[in-house]
Each structure stands twice: as structure tokens, then as C-alpha cells.
Amino acid sequence: MTDVVGKLWGYASTLRHDGVDYGDYIEQLTYLLFLKMADEQGRQLPDETDWPHIRSKSGIALLDTYESALRKLGKQPGILGDIFSGSQNRLANPASLARLIKVIDETEWTSLEVDVKAAAFEGLLEKSAAEGKKGAGQYFTPRPLIRSMVRLMQPDPRAHVHMAISDPACGTGGFLVAAYEWLKDRTGGALDRSTATRVKKATYYGQELVARPRRLALMNLFLHQVEPHIALGDSIYEAPGDQRFDVVLTNPPFGNRGASNIPVRDDFTVETSNKQLNFLQHVLTVLKPGGRAAVVVPDNVLFADKAGEVFKILMEDADVHTVLRCPRGTFNPYTPGTKTNVIFFTKGRPTDRVWIYDARANVPAITKRSRPLTDSHFTEFEDCFGSDPNGQSPRTGTSSPTGRWRAFGIDEVKERGYKIDSFKWLRDEEADELEDTPEPGDLIADALTELRLAVVQMTTLQKLFGDEGADS
């Protein structure tokens, strides 16, 4: 798998001098991967839009055929039309398109055990982060953290016939894909026909503000043979419909860019322009009574202006039973330095105590290479959490040999103005400034990437000015 992805990334770099940025490249890559994998799976597509037909063309005919296929697929009903709606070819050079088709055609993608497109997109996010572009973390949640949250929330559609699972900030669909993969692992893929149909067509829901990650989310799930309902829109500034959900798993976008206005929402008790606080209010609204949620939030949400007011309402209307303080660098390299938490709550009963697990204090920061995030970072926390997805398993402070697990009664929380960040009992010997400094190996690798890109750009300029000099 590493070799295959390496080929794709190598080709992404060579396309930069053609004016194709990483975002455009991954979009074209997902179109072509979809067509290739659909062919491998024997899926029926409209005439002259399938992989063998496109692959058989060359030169200008290849560009015309590919662009015609994108237009036709975008007009199809249902999820196929949603995936290709508004799709455009960004590869103007037919030789570049032909080479990418050849690279993709060399691999039997459906035989790989990993989510190929997710791995591809994560790699591009990493490159974007290395270039200094901000905000990549809003489209990407580290897979070990996703898997841990899913294991604890147990989003099992077999619970009842109206079971609905949602991510209102779904990005590339990581939580929804993981929820379905969790079900497959639990059942071995053995579901009766009616349940299987319901699971694939009426269980997984989401919303995403940006068209490109939404497109990838639709493709991800469609190629898992799931037909999700993922709307394109703003979960905060647009009032939700009547649909309510049993489980919400989400990582709302970090930061408050573009959030200068306070949403006009009758269901929001607290008026604030803070995106993450508004997402907590939104999740509380869209949960069914008895529904449960796990929400990733950055540290500043726990002490921001109006945080106490929002958490007061949340704890009155829901049982905020558990908070996970994530290791430093959990989102490295996508949003390095951002410290995060996961808030677990169940709607319909008030909070009487909050259990906090500190996975950060005295834990070496996560790095891209030498100390990557793994499932083992959350093993002890999952043991402490227990088997009840609503946080009702018997719990004791001694469940954590390292002393990272502690409960605080609601009276203590009230005394501190509902500011959960104030509950810290472990002396952290690790210096924040030192831990947030990138590793020398990472700095060198990133510098080399920048140098290679600079060489490509300089070579392009040299050719351009050389040509102009020859013309003059």
C-alpha cells in the first residue's frame, strides 16, 4: 500500500508545474478511483462513462471522453449524481490524464484492506499542512481517535429499525465509514436482507459545508456499498430539519474563521459566535431523547467566553458523563499545537458527575514519525470508560493505575462555573514549549519537500523565460 500511495504522491508533485494544486489533484484522483473501483466491483454505469471506455482513449479524445463522462454522471439520479454533481476536469494536458489513468490501472484497488481514498486524502492533507496551509484538521480526524470513539459509542443499527447515525461536520466521512466498519467487524457482515438494506440506505447521515470533502465522503461510503444521506450546507447557520439521531460522532472545524455572526436559531439557548460552542448546542438539538454523542473540541472551547453558559445548559439537558483530554499533538501535523478533548454525553437526563481521563499530562507529544498516534494511546481510557456506551458502567478512580481517571461531582463543576478545563490534578512534567517543537527529522523532511517544490517552480520559470527570450 505504501508503494502505491507513493506513486500517487510522486505524480501529484510532478503535476504542480502544470498548475494542478493538491486539492484539484485529489478531486481528479477520486473521480478516477471511483470509476476504476466501480469497474472492479462490476457496478453498472451509464454508457461511455465506465473505466474501460475512458481508458481506451488517448490524446484530445481522452479529454473529451473524460469530460463527457463527468457531465453524464453528474446528471444521474440519486447518490451517483450527488457524487459527480458539478464535477470538472482539472487536467488540461491529455498526457497527464493518461499517465494518471495508467498509474491507477496498475493496482487492484478493491483488493486492498484499507480505505484507499481516505489514505490518499490524508496524504494530501499532510502535504498541505507541510506547506503551511491552515485548517486541514477540520477535514481529517486521526483514525486511532475515530476508532476509539466509535468503539465506545457502539453505533449499532440493529438496536431498532429507526436507528440513525450522524456527523453534522462530516468532512471526508471518516466517522461514518468507521461506524459502518465497526458494524461489519461485529457481525462479520452477516445481516438479514431487510436489516442489510436498511443499514445501507437509511442509517448514515451527515452534513458538510465544503463541496470537495463532501464529494469524497459520498464516494467513500458508496464504495463501501453504503448510500449515505450527506447534505451540502451549514449545520450552524441553517436550522436543522425534523430528522433526529440516536448517535452523533463529530469533529467540528477548529477555529472561528467566518463566524463573526451569531446564528439566529430558536433552539440555541446561548447566543455566541463561537463555532464549537454552537456545534455543542446543535448536537444537543439533533439528538433524540436518550441519544448519545461524542464530540471533539479544542481546549479553548472549555474556557471560552460563554463556555460556562453552554456547558450549564448541556449538563442540565444531558448527562456529560465523560471527558477525554487527548494527548498533545493528536492532530499533528494537520493542526500542530492544537490541544483537544472529546466530550461524551447522553441526552435526556441531567449530569450528576463528570469523569475526566487525562491522556495528556506526562505523555510525550505525538509526532509524525517517531511517536505517531496509535490505538494503544486510548487502551487504558477505554478500559476505564467501560462497556456501556452511555457511560453507566461501574467506575472507580482505581481503574487507572497511572491515576489519570477521576470523577468530579456536579456541585464542584458548578462552583468552577462549569469550566471543565479547570480540573487538573496531575503535575505535568513535560514542558509545553518543548513538546510542541517539531522533531529535527520532521523539520529536515519538510525543508527538503519545500526545496524540491522550489526547484520544480524555478525550472518552470527558467523554461518560461527561456522561451520568451527565444521568441524575442
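Structure's up top.
The rules behind the values
Residues numbered from 1 in each chain as written. Predicted model: local features only at pLDDT ≥ 70, side-chain atom pairs only at ≥ 80, totals over all residues. Heavy atoms only, no water. Helix = DSSP H or I, 4+ residues; strand = E, 2+ residues; numbered from the N terminus. Buried < 20%, exposed > 50% of the residue type's maximum accessible area, 1.4 Å probe, protein only. Contact = heavy atoms within 4.5 Å. Areas by Shrake-Rupley, 256 points an atom, 1.4 Å probe, with all protein chains shown as cover. Polar contact = N/O pair within 3.5 Å; in protein donor to acceptor, adjacent residues only side chain to side chain. Pairing = 2+ DSSP bridges. Axes fitted to C-alpha atoms, helices over the stretch in contact; angles between N-to-C directions.

**A few points about the overall build of the protein**
No. 1: Scanning the protein from terminus to terminus reveals 17 helices and 9 strands.
No. 2: For the protein, with 472 residues in total, the buried portion stands at 52%.
No. 3: Sequence separation of at least 24 residues holds for 78% of the intrachain contacts in the protein that already meet a minimum separation of 6.
No. 4: A total of about 21200 Å² of accessible surface is found on the protein, and carbon and sulfur atoms cover 50% of it.

**Here we look at the side chain of aspartate 24**
No. 1: Following the sequence through the fold, aspartate 24 ends up in helix 2 (residues 22-40).
No. 2: For aspartate 24, a relative accessible area of 15% corresponds to the buried category.
No. 3: A distance of 3.0 Å separates polar atoms of two side chains, one belonging to aspartate 24 and the other to arginine 212.
No. 4: The residues contacting aspartate 24, other than those within four sequence positions of it, are Arg90 and Arg212.

**Re the sheet that holds strand 2 (residues 204-208)**
No. 1: Strands sit in the order 3-2-1-4-5-7-6-8-9 across an open sheet of 9 strands; the sheet is mixed. With one partner strand each, in any of the chains shown, strand 3 (229-232) and strand 9 (405-409) form the two edges of the open sheet. Averaged over all neighbouring strand pairs, the angle between strand axes comes to 15°, with direction disregarded.
No. 2: Across 4 bridges, the pairing between strand 2 and strand 3 is parallel.

**As for unusual backbone geometry**
No. 1: Unusually for a residue other than glycine, glutamine 225 sits at a positive phi of about 65°.
No. 2: Mapping glutamine 225 onto the fold places it in the loop between helix 11 (211-222) and strand 3.
No. 3: For lysine 306, which is not a glycine, the phi torsion comes out positive at approximately 75°.
No. 4: Turning to its location among the elements, lysine 306 is positioned in the loop between strand 5 (287-298) and helix 13 (307-317).

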